[in-house]
Amino acid sequence: MSYDVLTREISNDFYKELLYRMIKVNRFETELLRLQNEGKVHGTLHLCVGEEASVVGSTAALKKDDYIFTTHRGHGESIGKGADIRLIMAEILGKTGSSNRGIGGSMHVTAPEVGVVGSNGVVGASVPISLGAALTIKLKKIPDRVSVCFFGDGAANQGAVLESMNLAGAWKLPVIFVLIENGYAVSTRPEEASADPDFVKRAMPFKLNPFDVDGDDVLKVLYTVAKAREMVLSGAGPCLIVEHTYRISGHSRSDVNSYRSTEEIETHIKNDPIKRYTDYLISNGFFGAEELEAVKRSAEEEVKAAVSYALSRPDADMGAEELERLVYSDDHDRRAL
Ligand SMILES: Cc1ncc(C[n+]2csc(CCOP(=O)(O)OP(=O)(O)O)c2C)c(N)n1
Ligand SMILES: [Mg+2]
């Protein structure tokens with residue numbers, strides 16, 4: 001099973017693997033919604049149903065050691081990059097035996113063993129952090145590695161994001177900016193909050209290599225990110241990729257979808273990226289419907305096993321002393337003295 005980033009050759013198994021990962025992301029999110037409705041999730045959740053092609057295609061084009069930085073809506077990218085879903089599920093349910101000891105939750109998932117440096121609940125905040133990783137790659141001359149930050153159309157107007165694009169261009173940092181344009185920032189559409197919502201134009205003043213792609217086409221996303229990675233590594237400078245998709249999930253727990261119509265959501269559900277990719281694989285004779293049904297079943301089983309694992313773990317239970325130790329490092333204590 002392989003995808004060769006340089007020759008762009010996709011093995012038959014990898015075509016299936018992409019579908020597997022998209023369904024895994026989708027089922028992970030829908031299971032979380034169910035658990036939330038049962039009162040088993042503390043705090044809010046930002047799910048990425050509808051954005052599966054974008055998150056899976058982007059991360060499938062990267063290597064294990066590439067760094068990724070995600071957002072408040074970051075489960076999908078972390079799963080796509082290879083994070084252990086049992087550990088993330090346990091983390092979100094506030095359990096031990098989890099990615100962050102059950103105290104980080106949905107917006108603070110990490111999986112450093114596969115390059116998931118972190119997600120961030122502050123809109124736009126992971127973008128400047130990703131520049132630090134890119135600067136490390138550059139200064140230490142680490143070969144074959146890039147830093148990739150994901151952010152939304154809402155974050156795109158943050159000062160820190162625009163400043164990061166400028167600095168990346170000025171210092172030619174090995175970074176790829178992936179702007180996921182999913183139709184809304186909470187309830188605000190890009191054209192309501194942006195003087196020019198054609199975000200790819202923002203590459204020009206900062207000397208980023210521009211890419212604009214249908215984010216619901218997993219293969220197009222895969223090729224685009226692979227191409228951008230190649231350009232960054234060849235010294236052509238940083239890249240900005242705008243991926244156009246649609247958030248089918250509500251913004252978060254409290255969303256009653258009052259800013260959009262049921263018809264609008266249903267149109268997108270009818271032609272969601274998983275269905276599009278499944279139809280593509282069948283109509284082009286790659287696989288039969290039954291074979292893909294088996295892919296779906298095994299992805300569902302993996303998610304169910306993750307839920308059972310997470311529910312079987314004890315709740316995170318940490319004393320105040322340990323919490324304080326985690327907030328203030330020894331270094332910090334020394335500097336304060
Ligand atoms: C600095 C900051 N401002 C506001 C918020 C509240 N907030 C959380 S998500 C969000 C919308 C972000 O929209 P976008 O960047 O398009 O990402 P999406 O939610 O669509 O994935 C807002 C305003 C926040 N978390 N951080
Ligand atoms: Mg958005």
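Everything that follows concerns the structure shown earlier in this document.
Described below are features of the structure shown in this document. Remember, predicted model here, so these are calculated numbers, not experimental data. (Residues numbered from 1 in each chain as written. Chains lettered and ligands numbered in written order. Predicted model: local features only at pLDDT ≥ 70, side-chain atom pairs only at ≥ 80, totals over all residues. Heavy atoms only, no water.)

By secondary structure assignment, the location of Pro197 is in the loop between helix 7 (190-193) and strand 7 (209-214). Overall, Pro197 belongs to the partly exposed group, its relative accessible area being 32%. Residues Pro197 and Arg253 lie 56 residues apart in sequence; the distance between their C-alpha atoms is 27 Å. Each residue touching Pro197, except ones within four places of it in the same chain, is listed here: Pro190 and Glu191. (Helix = DSSP H or I, 4+ residues; strand = E, 2+ residues; numbered from the N terminus. Buried < 20%, exposed > 50% of the residue type's maximum accessible area, 1.4 Å probe, protein only. Contact = heavy atoms within 4.5 Å.)

What follows concerns the coordination of the magnesium ion (ligand 2). Taken together, Asp153 (OD), Asn182 (OD1) and Tyr184 (O) make up the full set of protein donors to the magnesium ion (ligand 2), lying 2.1 to 2.3 Å away. Positions of the donor residues of the magnesium ion (ligand 2), expressed as sequence spacing, correspond to D-x28-N-x1-Y. Pair noted here: Asp153 is in the loop between strand 5 (147-152) and helix 6 (159-171) and Tyr184 is in the loop between strand 6 (175-181) and helix 7, with a separation of 31 residues, a long-range link. You'll find Asp153 and Tyr184 in the same group, each marked buried. (Donors = N, O, S within 2.8 Å, 3.2 Å for Na, K, Ca; no water.)

Bringing the site of ligand 1 into the picture now. In the vicinity of ligand 1 there are 15 residues, among which His72, Arg73, Gly154, Asn182 and Tyr184 approach most closely. Between ligand 1 and His72 there is a distance of 2.8 Å, counted from an oxygen atom to a side-chain nitrogen or oxygen. Between ligand 1 and the protein, one listed contact pairs a nitrogen atom with a backbone N or O atom of Gly121 at 2.9 Å. If ligand 1 stood free it would expose 580 Å²; the protein chains cover 69% of that surface. (Near = heavy atom within 4 Å. Polar contact = N/O pair within 3.5 Å; in protein donor to acceptor, adjacent residues only side chain to side chain. Areas by Shrake-Rupley, 256 points an atom, 1.4 Å probe, with all protein chains shown as cover.)

Attention now moves to the packing of helix 4 (residues 85-92) against helix 11 (residues 289-312). The N-to-C vectors of helix 4 and helix 11 enclose an angle of 45 degrees; their axes lie 8 Å apart at closest approach. Classed by the angle they form, the pair helix 4 and helix 11 counts as oblique. Considering the relative orientation of helix 4 and helix 11, their crossing is right-handed. Residue-level inspection shows Ile85, Arg86, Leu87, Met89 and Ala90 of helix 4 in contact with helix 11, the latter providing Glu302, Val303, Ala306, Val307, Tyr309 and Ala310. (Axes fitted to C-alpha atoms, helices over the stretch in contact; angles between N-to-C directions. Parallel < 35°, antiparallel > 145°, perpendicular 65-115°, else oblique. Left-handed = near helix turned anticlockwise from the far one by under 90°.)

Moving on to the state of the cysteines. A covalent bond bridging the sulfur atoms of two cysteines is what the word disulfide describes. Per the counting criterion, the structure on display carries zero disulfides. Free cysteine: Cys48, not disulfide-bonded; nearest cysteine sulfur from Cys149 at 17 Å. Among the cysteines around Cys239, which has no disulfide bond, Cys149 carries the closest sulfur, lying 12 Å off. Exposure remark for Cys239: the relative accessible area of 0% places this residue in the buried category. (Disulfide = S-S within 2.5 Å.)

Here we take up the sheet that holds strand 6. Judged by pairing direction, the sheet is parallel, and its six strands sit side by side in the order 4-3-5-6-8-7 without closing on themselves. Among the strands making up the open sheet, the edge pair consists of strand 4 (116-118) and strand 7. Sheet twist, expressed as the mean angle between neighbouring strand axes with direction ignored, is 20 degrees. Of the strand pairs in this sheet, strand 3 (residues 67-69) and strand 5 are connected by three bridges, and their pairing is parallel. Note that in strand 5 the partner of Tyr67 across the bridge is Ser147. Together, strand 3, strand 5 and strand 6 form the strand contacts of helix 5 (residues 126-139), whose direction differs from that of strand 5 by roughly 170 degrees. (Pairing = 2+ DSSP bridges.)

Looking now at the pairing of strand 7. Judged by which residues are buried, strand 7 turns out to be one-sided: Asn209, Phe211 and Val213 face inward and are buried, whereas Pro210, Asp212 and Asp214, on the alternate face, are not. Note: strand 7 against strand 8 (residues 239-244), six bridges, orientation parallel. By the bridge assignment, Asn209 is partnered in strand 8 with Cys239. Once the chain exits strand 7 it traverses helix 8 (residues 218-233) before rejoining the sheet at strand 8, and the crossover so formed is right-handed. (Right-handed = clockwise from strand over helix to strand, strands pointing away.)

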